[in-house]
Amino acid sequence: MGTLIGVASSTKCVVAMGPTYVFLLPLEHPRLFLLRRRPSTCHTHHGRSQRYPSLESLPSQTIVCDVEGALLRTSSTFPYFMLVALEAGGFLRGLLLLLLHPLISCLSHEVGIRIVVMVCFFGLRKEDFRVGRAMLPKFFLEQVGLEGFEVLRRGGTRVCVTSMPTVMVEGFLKEYLDVEVVLGRELKVFGGYYTGLMEDEVIGFGHVDFARHQLCTHCKEVCLVGEAEKRRWHPLPRSQYPKPLVFHDGRIAFRPDAISTLCMFLWLPLGFALAFARALVFLFLPYALSIPLLASLGMHSRLITSSDKEERRGDGSQLYICNHRTLLDALYISAALRRHVTATTYSVSRISEWFSPIRTVRLTRNREEDAARMKKLVQEGDLMVCPEGTTCREPYLLRFSPLAAEISREVVPVALESWVTMFYGTSTGKLKFLDPLYFLMNPFPCYEAEFMATVATGAIGGKECSSYEMANHLQGEIGRRLGFQCTSLTRKHKYVLLAGNEGTIEREREREQGKVT
């Protein structure tokens, strides 16, 4: 059975779903819809079926698109539910879902999805659920078909329907694809926690095949897309994302289908032991021994230097400015220089500071105090500063703080890049101290460090400049070396989107203490 993209009639379109009807108002009110209960059936007209809609007429039409069938290149929803289970519920919940997968595959779609929702959502706190907004959009965007998206984006009003819970897809569809209306399954909540049950009489589906049938009968034009045809679709290029994907959270770095998830669980015991061994090498062995030994343990690294690196090596007081990929940035720079450098931190956990093999200094976010502290550190020895203030996984650079350009007459820009295949070594959650462990648990983590030529901070091309101009210049130079796009986004933007706070842990604690006193 094919799946659909529907073009709603220019007159009032009545979509019947069991006892619940959704009325899409005329196109002069493209953003409005009304939900009503009607006991009687409605009289509909049957639209004509064709292979592809007429793209010229779509800007004046309402597009009704089946997410799994006509937008994503694969119809399986298992990887997205597995992400919910792993990221929101933990490894045990994910293992339970994996063990139930063969049984669920033998059941009807409706029964199977109810079981999956129960396993994934039962007991999760509604207020803390951020997987749909912070983690799933990346995986959805990677599976969007270019051909289906071209039809959807041309519609005057875009309506997406899905058999998944609305809380999983609404953030992706509305924030990244500019969809006006999302029709999905609603979850029951008790005491602020998800019960794992779905509402029966909502804007959603009693049965997915029935819903699709009703959508077909109430659209002026119906375009069916077969699974064989979808397999020939092209992925949506990153350059054509309606909104750039700069930030995303979560630990899982791969699309967790059943086979990949099984491999992950089989790898976990070995991965944990390997991470422990790698950490011991980092902590206790000199760089002359640790670098080749880590390479034999699967940690790949690449060093690129400019012609004046040897001159810098003899200088014991150098300021290194680098983009921020993981907490291990400073360790890789130290390994490249074959000597320890001091690293500044913002809200790194105390546990990470205790186990760090190099010196770390916590900044206060007070400009004058931090500037004085950093100037003193540069006088004492090599200092590494990440002007972005937080990590970014995607090929983007956040805004550079001008403070780093004010504390030294010259700096050495360092372009860093890292790759992982199983777990991300960064997060915005409460267990940030586990970030290095997850990075080291990857089978073959990779790092690349490129030391660029020394830059005088007082002038650009012989012309005097401000610290803000120098910060933008350094950001641009590192961005060009890496092929990354420079942005004006900051740490605050990241944490507001992914964690619902501004990323200022210490200030929040002080504020709470002030309220108590």
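Note that this is a predicted model, so its numbers are computed, not measured. (Residues numbered from 1 in each chain as written. Predicted model: local features only at pLDDT ≥ 70, side-chain atom pairs only at ≥ 80, totals over all residues. Heavy atoms only, no water.)

Thoughts on the overall build of the protein chain
Our working rule: Each helix is a run of DSSP H or I of at least 4 residues and each strand a run of E of at least 2, with the numbering of both proceeding from the N terminus. Relative accessible area decides the class of each residue, using a 1.4 Å probe on protein chains only: under 20% of the type maximum gives buried, over 50% gives exposed, and in between gives partly exposed. Working rule for contacts: check all heavy atoms of both residues, and any pair within 4.5 Å makes them a contact. Residue exposure ignores everything except the shown protein chains as possible cover, and the areas themselves are Shrake-Rupley values with a 1.4 Å probe.
When you go through the protein chain residue by residue, the secondary structure sums to 20 helices and 23 strands. Sorting the 517 residues of the protein chain into buried and exposed places 53% on the buried side. Pairs at least 24 apart in sequence give 75% of the contacts found in the protein chain among residues at least 6 apart. Accessible surface, the protein chain as shown: approximately 24,000 Å² in total, 57% of it carbon and sulfur.

Considerations on unusual backbone geometry
Note on backbone geometry: most residues besides glycine have negative phi, and most peptide bonds are trans. Phi at D178 takes a positive value of approximately 60°, unusual for a residue other than glycine. Structurally, D178 can be placed in the loop between helix 8 (166-176) and strand 8 (181-185). Phi is positive for R338, which is not a glycine, with a value near 60°. Structurally, R338 is set in the loop between helix 14 (329-337) and strand 14 (342-345).

Re the pairing of strand 7 (residues 157-165)
Regular strands show a simple pattern: their side chains alternate between the two faces of the sheet. As a reminder, the rule being used: When DSSP locates at least two bridges between a pair of strands, those strands are taken to pair. If you view a crossover with the strands going away from you and the path from the first strand over the helix to the second runs clockwise, you call it right-handed.
With nine of nine residues buried, strand 7 lies mostly within the body of the structure. Two strands pair when backbone bridges link them, and strand 6 (residues 62-66) and strand 7 are joined in this way by five bridges, in the parallel orientation. Each residue of the ladder has a partner; that of I63, found in strand 7, is R158. Examined bridge by bridge, strand 7 and strand 8 share four bridges and lie parallel to one another. Paired with V161 across the strands is L183, a residue of strand 8. Regarding the hand of the β-α-β motif, the stretch spanning strand 7, helix 8 and strand 8 is right-handed.

A short note on the pattern of salt bridges
Two side chains carrying opposite charge are able to pair once their charged atoms lie near each other. Our working rule: Note on definitions: salt bridges are taken to be side-chain nitrogens of Lys or Arg within 4 Å of carboxyl oxygens of Asp or Glu.
All told, the structure shown has 24 salt bridges when counted by the stated rule. With a closest N to O distance of 2.5 Å, E450 and R481 form a salt bridge. Of the two residues, E450 is situated in strand 19 (residues 446-451) and R481 in helix 18 (residues 467-482); the sequence distance between them amounts to 31 residues. Taken together, the salt bridges that share partners define one network made up of E110, R114 and R185.

Some thoughts on the confidence of the model for the protein chain
As a reminder, the rule being used: The predictor rates its confidence in each residue with pLDDT, a number between 0 and 100.
Per-chain confidence: the protein chain averages 83 in pLDDT, with 80% of residues scoring 70 or above. Here residues 506-517 scores under 50 on pLDDT; set against residues more than four positions off or in separate chains, the count is four contacts.

Structural notes on the pairing of strand 10 (residues 193-198)
Where strand 9 (residues 187-190) and strand 10 come together, three bridges link them in antiparallel fashion. When the bridges of strand 10 are listed, F190 appears paired with Y193. Between strand 9 and strand 10, which pair antiparallel in sequence order, lie two residues; one of them, G191, sits at a positive phi of approximately 60°.

Side note on the environment of S352
Residue placement: S352 occurs in helix 15 (residues 350-355). Accessibility expressed as a relative area gives 14% for S352, which makes it buried. Residues S352 and D435 lie 83 residues apart in sequence; the distance between their C-alpha atoms is 8.8 Å. Not counting residues up to four positions away in its chain, the partners in contact with S352 are L327, K432 and F433.

Looking at the nonpolar core
To keep things clear, this is the line we draw: To form a nonpolar core, buried Ala, Val, Leu, Ile, Met, Phe, Trp, Tyr and Cys residues must be joined to one another through side-chain atoms within 4.5 Å. In this entry, domain limits derive from an automatic or database-based domain assignment.
Core analysis: the biggest nonpolar cluster contains 101 residues, and F81, L97, F121, M168, L173, I333 and M384 have the highest contact counts within it. Residues from two domains meet in this core; each of domain 1 (58-236) and domain 2 (258-514) gives at least three. Counting residues in hydrophobic clusters, the runner-up holds 27 residues, among them L319, L383, V411 and C465.

Details of helix 16 (residues 367-380)
Under the convention used in this document: One less than the residue count of a helix, multiplied by 1.5 Å, gives the span that helix is expected to have. Note that the arc is defined by the directions from the helix axis to the C-beta atoms.
Compared with an ideal rise of 1.5 Å per residue, which puts 14 residues at 20 Å, helix 16 spans 20 Å between its outermost C-alpha atoms and is within 8% of the ideal. Of all the residues in helix 16, the buried ones are D370, A371, M374, L377 and V378. Projected down its long axis, helix 16 carries its buried residues within an arc of 130°, all on one side. Away from its buried face by more than 90 degrees, helix 16 exposes E368, K376 and Q379. Buried residues in helix 16 make contact with strand 13 (319-322), strand 14, strand 15 (360-362) and strand 16 (383-385).

Digging into the side chain of R93
Basically, it comes down to this: When charges are counted, Lys and Arg contribute as positive and Asp and Glu as negative, whereas His and the chain ends are disregarded. Pairs of N or O atoms within 3.5 Å make up the polar contacts considered here, provided that, within protein, one atom can donate a hydrogen while the other can accept it, and that residues adjacent in sequence are counted only when both atoms are side-chain atoms.
For R93, the position within the fold is in helix 3 (residues 91-105). One buried charged residue, R93, remains without a salt bridge, the closest side chain of opposite sign being E87 at 12 Å. Within the structure, R93 has its side chain in polar contact with the backbone oxygen of C120 (distance 3.3 Å).

Regarding the packing of aromatic side chains
To keep it simple, the criterion reads: Each aromatic pair joins two rings of Phe, Tyr and Trp (for Trp, the six-membered one) with centres within 6.5 Å, and gets the label stacked for planes under 30 degrees apart, edge-to-face for over 60, and tilted for any other angle.
According to the stated counting rule, one finds 12 aromatic pairs in the structure shown. Aromatic pair F121 and F129: ring centres 5.3 Å apart, planes at 45°, arrangement tilted. This pair shows no difference in class: F121 is buried, exactly as F129 is. An angle of 65° between the planes, with centres 5.6 Å apart, marks the rings of F423 and Y438 as edge-to-face. Within this pair, whereas F423 is found in the loop between strand 18 (410-419) and helix 17 (435-440), its partner Y438 is found in helix 17, the two being separated by 15 residues in sequence.

Examining a nonpolar patch on the surface
So the rule is basically this: Each patch is built from residues that are more than 30% exposed by relative accessible area and take part in no salt bridge. Like charges join if they lie within 9 Å; nonpolar side chains (Val, Leu, Ile, Met, Phe, Trp, Tyr) join within 5 Å.
On the surface, a nonpolar cluster with roughly 970 Å² of combined accessible area is contributed by F276, L280, L283, F284, I351, W354, F355, L431 and F433. For the nonpolar patch, the secondary-structure elements that each account for two or more residues are helix 11 (258-284) and helix 15. Position of F284 among the secondary structure elements: in helix 11. What makes F284 exposed here is its relative accessible area of 63%.

Re the packing of helix 6 (residues 136-143) against helix 8
Worth spelling out the cut-off: Interaxial angles span 0 to 180 degrees and are taken between N-to-C directions of axes, which are lines fitted to C-alpha atoms, for helices over the stretch in contact. Angle categories are assigned with fixed cut-offs, so that under 35 degrees is roughly parallel, over 145 is roughly antiparallel, 65 to 115 is roughly perpendicular, and the rest are oblique. Should the near helix be turned anticlockwise from the far one by less than a right angle, the crossing is left-handed, and should it be turned clockwise, the crossing is right-handed. Note on residue categories: nonpolar means Ala, Val, Leu, Ile, Met, Phe, Trp, Tyr, Cys or Pro, charged means Asp, Glu, Lys or Arg, and polar means any other residue, Gly included.
Where helix 6 meets helix 8, the closest approach of the two axes is 9 Å, and the angle between their N-to-C directions is 65°. Classified by the angle between their axes, helix 6 and helix 8 sit roughly perpendicular to one another. Relative to helix 8, the crossing made by helix 6 is right-handed. In this structure, helix 6 uses L136, P137, F140 and L141 to contact helix 8, whose residues at the interface are M168, V169, F172 and Y176. Each residue belonging to the contact of helix 6 with helix 8 can be placed in one class, and the counts come to eight nonpolar, no polar and no charged.

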